[in-house]
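These are the residues of each chain, in order.
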Amino acid sequence: MFRTVFAILTGVLGAALLHLIIILSLPHFSDRDAYTRVEDEGDENHFYMLDNKDDDAGLSNSDPYIRTAVCAFDIESQPIRLTAKGNVPFWSLSVYDAASNEVFSMSDRTSVGGALDLLLASPIQLTGIRKALPPSLAQSILVEVPRADGYVVLRAMAPAASFDDAARNFLSEAGCDVFDGQ
């Protein structure tokens with residue numbers, strides 16, 4: 001009888017201690033998610049190219065044949081327009097919400113003419129834009145984003161050293177800009 005009570009009390013105290021440790025350690029781990037790291041790169045609405053080693057935000061590009069750029073965005077007040085063009089063998093784009101759920105992805109194979117031209121907007125913003133579509137968005141892909149905050153990952157392939165400059169230029173000239181309606 002004593003052993004059973006002792007085992008139950010030990011289990012309850014152990015579980016309580018484990019839960020306390022987990023709760024107290026959450027703030028340490030919660031600021032290390034992908035969205036927070038992308039935000040730490042710098043200002044919103046700007047692509048930041050990642051290097052092969054970790055930067056101050058803890059992000060890096062580990063694939064030797066891919067160049068990567070990231071952009072944090074907030075569409076609370078205005079939509080965001082993503083643009084890029086250049087002569088790279090392959091590029092891909094992924095859009096994530098602040099919880100790191102992928103909400104949209106595409107590549108040069110699914111774009112118009114191999115160029116990136118995408119508008120990210122909330123459902124309400126997109127309804128207004130579709131009612132009076134500006135001519136500048138005639139060839140754009142319109143994407144409804146359910147949450148206002150998020151980030152974009154843009155990748156360009158450089159399968160050989162001779163493609164490296166083209167991939168870096170593609171990413172450095174990419175736009176992640178507030179759409180002003182024009």
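Every value quoted in this text rests on a predicted model; they were computed, and no experiment measured them.

Student: Break down the environment of Ile-80 for me, with residues and values.
Tutor: For Ile-80, the location among the structural elements is in strand 3 (residues 80-84). We classify Ile-80 as buried; its relative accessible area is 0%. In sequence terms Ile-80 and Phe-6 are 74 residues apart; their C-alpha atoms lie 61 Å from each other.

Student: Please provide a residue-by-residue account of the state of the cysteines, values included.
Tutor: The full count for this structure, using the stated rule, is one disulfide. Residue Cys-71 pairs covalently with Cys-176 via a disulfide, S to S 2.0 Å. Around the S-S axis, the bridge from Cys-71 to Cys-176 shows a dihedral of about -70° and counts as left-handed. Of this pair, Cys-71 sits in strand 2 (residues 66-74) while Cys-176 sits in strand 9 (residues 175-178), and the two are 105 residues apart along the sequence. Cys-176 matches Cys-71 in its accessibility class, with the two residues each being buried.

Student: So what about the packing of aromatic side chains? Which residues, and what values?
Tutor: Counting across every chain of the model gives four aromatic pairs. Each residue in the set Tyr-35, Tyr-96 and Tyr-151 is aromatic and connected to the rest through ring pairs, giving one cluster.

Student: Before we move on, could you go through the pattern of salt bridges and cite the residues and values that matter?
Tutor: Taken as a whole and assessed by the stated rule, the structure comprises five salt bridges. Residue Arg-81 pairs with Asp-117 through a salt bridge whose shortest N-O separation is 2.9 Å. Of the two residues, Arg-81 is situated in strand 3 and Asp-117 in strand 6 (residues 116-121); the sequence distance between them amounts to 36 residues. The exposure class assigned to Arg-81 is buried, which follows from its relative accessible area of 16%. Taking the shortest distance from any N to any O, the salt bridge between Arg-147 and Asp-97 comes out at 3.9 Å. Note that Arg-147 is positioned in the loop between strand 7 (141-144) and strand 8 (149-157) and Asp-97 in strand 4 (residues 91-97), a separation of 50 residues in sequence. Take Asp-97: its relative accessible area is 5%, and that puts it in the buried class. Beyond isolated ion pairs, a larger network of salt bridges with shared partners links Arg-67, Asp-164 and Arg-168.

Each value, and the rule that gives it
- Residues numbered from 1 in each chain as written.
- Predicted model: local features only at pLDDT ≥ 70, side-chain atom pairs only at ≥ 80, totals over all residues.
- Heavy atoms only, no water.
- Helix = DSSP H or I, 4+ residues; strand = E, 2+ residues; numbered from the N terminus.
- Buried < 20%, exposed > 50% of the residue type's maximum accessible area, 1.4 Å probe, protein only.
- Disulfide = S-S within 2.5 Å.
- Phe/Tyr/Trp six-rings, centres within 6.5 Å; stacked < 30°, edge-to-face > 60°.
- Salt bridge = Lys/Arg side-chain N within 4 Å of Asp/Glu carboxyl O.

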